Amino acid sequence: MTRFARFLRGSLVALFLFGLLGIAGIGVLYWLIAPRLPDVQELRRVQMQMPLSIYSRDGGLIAQIGETRRYPVAIAEVPARVKNAFIAIEDARFYQHPGIDWRGIARAVWLLATTDGRVPGGSTITQQVARQFFLSAEYSYTRKLTEIFLALKIEQALSKDEILELYLNKSFFGNRAYGVAAAAEFYYGKPLDQLSLAEAAMLASIPKFPSSGNPIINPQRALIRRNYVLQRMAEEGLASPSEVDAARAEVDAARPHEPKIEVEAPYVAEMVRVWMEERYGADATSSGYRVITTLEGAHQNAAAQSVRNGLLEYDRRRGWRGPERHVEIAEGVDPAQLRSHLRDLPSVGGLDAALVLATGNDEVTLLGRSGDAIALTAEHLRWTGKSPGQLLKRGDIVRIAYEPDGKPVLAQIPAAQATLVSLQHADGAVRALVGGFSYALNKFNRATQAQRQPGSSFKPFVYAAAFERGYTPGTIVLDAPVVFRDRANNVWRPQNDAGDFAGPMRLREAMVQSRNLVSVRLLDAIGVDYTRRYLTNFGFSLDSVPPNLSMSLGTASLTPLSIARGYAVFANGGHVVEPWFVERVLDRDENPLYEADPLVACPGCTRASGPRPPSGEIDGFDFSAGGPSVETEPMAEASADAAPIAADTALRRPAPRTVDERTAFLVRSLLYDVVRRGTGTAARVIGREDIGGKTGSTNEHRDAWFSGIGGDLATTVWVGKDDFTTLGGREYGGKAALPIWIGFMTAALEGVPLADPSPPLGIISATISPDSGHLLPDGTPGGIREYFKREDFDRLAAGGYQQELGSEDEAAFDIF
């Protein structure tokens, strides 16, 4: 045998032995690693993280909450050009290899042997799926071997299309976008089937460098990578040369496309997030749940706009406070460089930041965040009472608001805050809720968290207590000075807002004119302890109502939401309802998980029976899905001639009646009169006869309120400052809060039928003397009509008398 033959035979034997040794080594490694390999069948059951989506009841998007943007898509719905782009750049032999590509591995081994440092690992799409779902990003031989074995195992369990589907839906594309569908939506605002070849190639280029090489962070680098993807598609025959040439010439138009928010309700979105996490755990924001709220989209947007308008108008009344900040800018600086001064000043409540470039006698030139020049004339500054030159100088940073016609107007972030909450009075469904001027500026939800004094808007509840003790709207009470002393001889002299006294007056007139002294005398007559207990029938807790006569002037600490719920009792005939805001919850597959079953006010029904629903407290307020939050005494059985229960209402749980329907009607009639001829007359502009409400103001104008009813809604508006300082002189509820209420209710009640004005059974209409309140024969000149409960009318008709409170002289009482 020649020397060459012996060498060749030795080489072959050595190669064979090395091969056996390699196979044995791989076998040993597999024997060591295989027991620790996860069950790849889990990939068939994997649940991709998806954001929590929140909608109004009419389908408008309120928010998407979660760390990831992801919209899983079936592989059958992915266009061929999108699949081909990823295959070309990531794994050209994906449909041929068994999970690992020996060519790629050999190339990686060669590079490892001939170069220094880290080299590409020759990973297939299947290996990447193994790493994404089961392994860490650690760079080690052990991890790589585990990845290879897992890839082989995955290929045995799943089809190629199933593997590709997992890869496309799992991959990270930067900017919190996970999955190709979310990437297409974020970068191009398109579904997958509308992507061009160039756009598909751009998306395929991102997973390699998702944070540093995406087309928004680094467009130049991304464009180079996109064109390389197109080149690979041509080389692999996955796109024709003409298609690739056209795609290369396409200008990339990638930019951020956030989901279009159709309903402005960030405070409600946060309420939903808390509610969902309490009910479904920490994964509620990553499990793809869809929440349908009780909000009406158009009503909610009207509420947000009305709150903004009201606060901006208030702020204009209080005068210009000066620019938000000032920066020194040299002459001749490129405007593009000046935009950096606005970068950290996002829009707040629709107010955009702008930099003053120049001022003149008649005009101010500003630079907006977008780089556009904005011209403000003296007309746009008229509310400040100053000329452009007096008002601003170069380098000032101010806020700009836009009128409905698009004209810019100088503005400033309001110093005050406001909240609006509107309930469907029949069942407590929240139809609109605004927690403040701007959620981005301050996340404190004043509708549910702010404990404020309601002032005179609390008087209807005191009057309701009096009507339960035999007083009527025609009862005469003296509006005159009164002094109260406690055991320590401390003196309290309550006053009317205007500081005057009107003498004897009927309770109806006292409500219309909001006379404080009448309310104080009335509460003193019926008793503080009785009234406090009675107020729990409206959902108020005993702890929230002070145990003294100041309660009559609205010194309780209450949330705007609780006030709205109280007014709903007047509107729905005496039933206490529980505010709720989640109507339905669906899982990622649109299967229902939860549907609200609220208690519903039902005229003619008896008190609801059965166990009380579980509590769902958020921010200190009970948001059970319909359950009452107060315990009530059993009501008498409904009379035989009570109004029948409507068919649709009979199928739902009736809310407990905690207030006599007749009492609710009497107070409701007073609220209507407040709007017709009292402190709320501005609301007549709405043009409805079923509008009623009550203004409220507190000492030193710290709080301004308007709470009222109309149509199917009970709505409360509060305006004040978070630090409890004054709103300023003459900022009463009718001036600061009522315009916001009007703006919302005008929109919310459009097309809504008028509420039924008919009195309930047991209410009598009779003629009385406007001066004495005594009954008069019908037709008596000068007499007026008034409503009475039947038993009160019978007492008066039998020779009884209207209770009269007070004397002409200043009265002094001891209070303990």
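Residues numbered from 1 in each chain as written. Predicted model: local features only at pLDDT ≥ 70, side-chain atom pairs only at ≥ 80, totals over all residues. Heavy atoms only, no water.

## Quick notes on the overall build of the chain
Counting its regular elements, the chain contains 24 helices and 26 strands. With 816 residues in all, the chain has 52% of them scored as buried. At a minimum sequence separation of 6, the contacts of the chain that also span at least 24 residues come to 72%. Just so you have it, the chain exposes about 36800 Å², and 52% of that area is on carbon and sulfur atoms. (Helix = DSSP H or I, 4+ residues; strand = E, 2+ residues; numbered from the N terminus. Buried < 20%, exposed > 50% of the residue type's maximum accessible area, 1.4 Å probe, protein only. Contact = heavy atoms within 4.5 Å. Areas by Shrake-Rupley, 256 points an atom, 1.4 Å probe, with all protein chains shown as cover.)

## Observations concerning unusual backbone geometry
Of note in the backbone geometry, E700 takes a positive phi value of approximately 60° without being a glycine. Phi is positive for F724, close to 65°, though the residue is something other than glycine. Mapped onto the secondary structure, F724 falls in the loop between strand 22 (713-720) and helix 22 (733-736).

## Let's talk about the sheet that holds strand 21 (residues 703-710)
If you trace the 5 strands from one edge of the open sheet to the other, you get 11-10-22-21-20, paired in antiparallel fashion. The outermost strands of the open sheet, each flanked by one partner alone, are strand 11 (430-434) and strand 20 (692-697). Averaged over all adjacent pairs, the angle separating strand axes in this sheet is 10°, with direction ignored. Both strand 10 (residues 417-424) and strand 22 contribute to a ladder of 8 bridges, which runs antiparallel. Bridge assignment links V421 to a residue of strand 22, and that residue is T716. (Pairing = 2+ DSSP bridges. Axes fitted to C-alpha atoms, helices over the stretch in contact; angles between N-to-C directions.)

## Section: the confidence of the model for the chain
Residues with a pLDDT of 70 or more make up 84% of the chain, whose mean pLDDT is 86. Contacts for the low-pLDDT stretch residues 606-650, under 50 throughout, to residues beyond four places or in other chains number 93 contacts. (pLDDT = per-residue confidence, 0-100.)

## Thoughts on the packing of aromatic side chains
Aromatic ring pairs are reported here in terms of the distance separating the ring centres and the angle at which the planes meet. One pass over the full model with this rule turns up 24 aromatic pairs. Judged by centre distance (5.0 Å) and plane angle (85°), the ring pair of F461 and F540 falls under edge-to-face. Highlighted residues: F461 in helix 15 (residues 459-468) and F540 in the loop between helix 18 (528-535) and helix 19 (560-571), separated in sequence by 79 residues. Of the two residues, F461 and F540, both sit in the buried class. Chaining the aromatic ring pairs together yields one cluster made of F458, F461, Y530, Y534, F538, F540, Y567 and F570. Over the ring of F133 we find K170, and its NZ or CZ is 5.0 Å from the ring centre. (Phe/Tyr/Trp six-rings, centres within 6.5 Å; stacked < 30°, edge-to-face > 60°. Lys NZ or Arg CZ within 6 Å of the ring centre and 35° of its normal.)

## Let's talk about the packing of helix 7 (residues 180-188) against helix 8 (residues 197-205)
When two helices pack together, their arrangement is captured by the angle between the axes and the distance separating the axes. Between helix 7 and helix 8, the least distance of the axes is 11 Å, while the angle of their chain directions is 115°. For the pair helix 7 and helix 8, the sense of crossing is right-handed. Along its contact with helix 7, which presents V180, A183, A184, Y187 and Y188, the element helix 8 presents E199, M202 and L203. Here the contact of helix 7 with helix 8 is built from residues that sort into 7 nonpolar, no polar and 1 charged. (Left-handed = near helix turned anticlockwise from the far one by under 90°. Nonpolar A, V, L, I, M, F, W, Y, C, P; charged D, E, K, R; others polar.)

## With respect to the pairing of strand 20
Most of strand 20 sits out of view: 6 of its 6 residues are buried. Residues G692, K694 and G696 line one face of strand 20 and the alternating positions G693, T695 and S697 line the opposite face, and both faces are buried. Pairing of strand 20 with strand 21, which is carried by 6 bridges, proceeds in the antiparallel orientation. Its bridge partner lying in strand 21, T695 is registered against F706. Between strand 20 and strand 21, which pair antiparallel one after the other, the connecting turn spans 5 residues, and E700 there sits at a positive phi close to 60°.

## What about the environment of L670?
Following the sequence through the fold, L670 ends up in helix 21 (residues 661-677). A relative accessible area of 0% places L670 in the buried class.

## Some thoughts on the packing of helix 19 against helix 21
Where helix 19 meets helix 21, the axes come as close as 8 Å, and the angle between the chain directions of the two elements is 105°. Taken together, the axes of helix 19 and helix 21 are roughly perpendicular relative to one another. Contacts between helix 19 and helix 21 involve Y567, V569, F570 and A571 from the first element and A664, V667, R668 and L671 from the second. Residues of the contact of helix 19 with helix 21, tallied by class, amount to 7 nonpolar, no polar and 1 charged. (Parallel < 35°, antiparallel > 145°, perpendicular 65-115°, else oblique.)

## What about the sheet that holds strand 17 (residues 592-595)?
Taken in spatial order, the 5 strands line up as 2-1-3-16-17 in an open sheet, and their pairing is mixed. Of all strands in the sheet, those bounded by a partner on one side alone are strand 2 (61-65) and strand 17. Going from strand to strand, the sheet's axes swing by 15° on average, the running direction of each strand aside. Sheet analysis places strand 1 (residues 52-55) next to strand 2, joined by 4 bridges and oriented antiparallel. What sits directly across from I54, in strand 2, is A63. Seen against the sheet, helix 11 (residues 266-280) touches strand 1, strand 2, strand 3 (290-293), strand 16 (582-586) and strand 17 and runs at an angle of roughly 55° to strand 16.

## Examining the nonpolar core
Formed by 57 residues in total, the largest nonpolar core has its most connected members in F461, Y463, F538 and F540. The contacts of Y463, once residues within four sequence positions are left out, are L507, A510, M511, V518, S519, L522 and L670. With 53 residues, the next largest nonpolar core counts L43, L164, A181 and V229 among its residues. (Core = buried A, V, L, I, M, F, W, Y, C linked by side-chain atoms within 4.5 Å.)

## Quick word on the environment of F538
Mapped onto the fold, F538 is located in the loop between helix 18 and helix 19. Since its relative accessible area comes to 0%, F538 is described here as buried. Separated by 29 residues in sequence, F538 and Y567 have C-alpha atoms that sit 8.2 Å apart. Residues within four places of F538 in sequence aside, it is in contact with F461, A464, R565, G566, V569, F570, V576 and V659.

## Some points on the side chain of S306
You can see S306 is positioned in helix 12 (residues 297-318). Look at S306 and you get buried, because its relative accessible area is 7%. Not counting residues up to four positions away in its chain, the partners in contact with S306 are P739, I740, G743 and F744.

## Comments concerning the environment of P547
Along the chain, P547 turns up in the loop between helix 18 and helix 19. Each C-alpha atom, one on P547 and one on V528, is 6.4 Å from the other, the two residues being 19 residues apart in sequence. Setting aside residues up to four positions removed in sequence, P547 forms contacts with V528 and R532.

## Considering the side chain of R565
Tracing the chain through its elements places R565 in helix 19. Given the relative accessible area of 3%, R565 is considered buried. In this structure the side chain of R565 is engaged in a polar contact, spanning 2.8 Å, whose partner is the backbone oxygen of G539. At a separation of 3.1 Å, a polar atom in the side chain of R565 contacts the side chain of E578. (Polar contact = N/O pair within 3.5 Å; in protein donor to acceptor, adjacent residues only side chain to side chain.)

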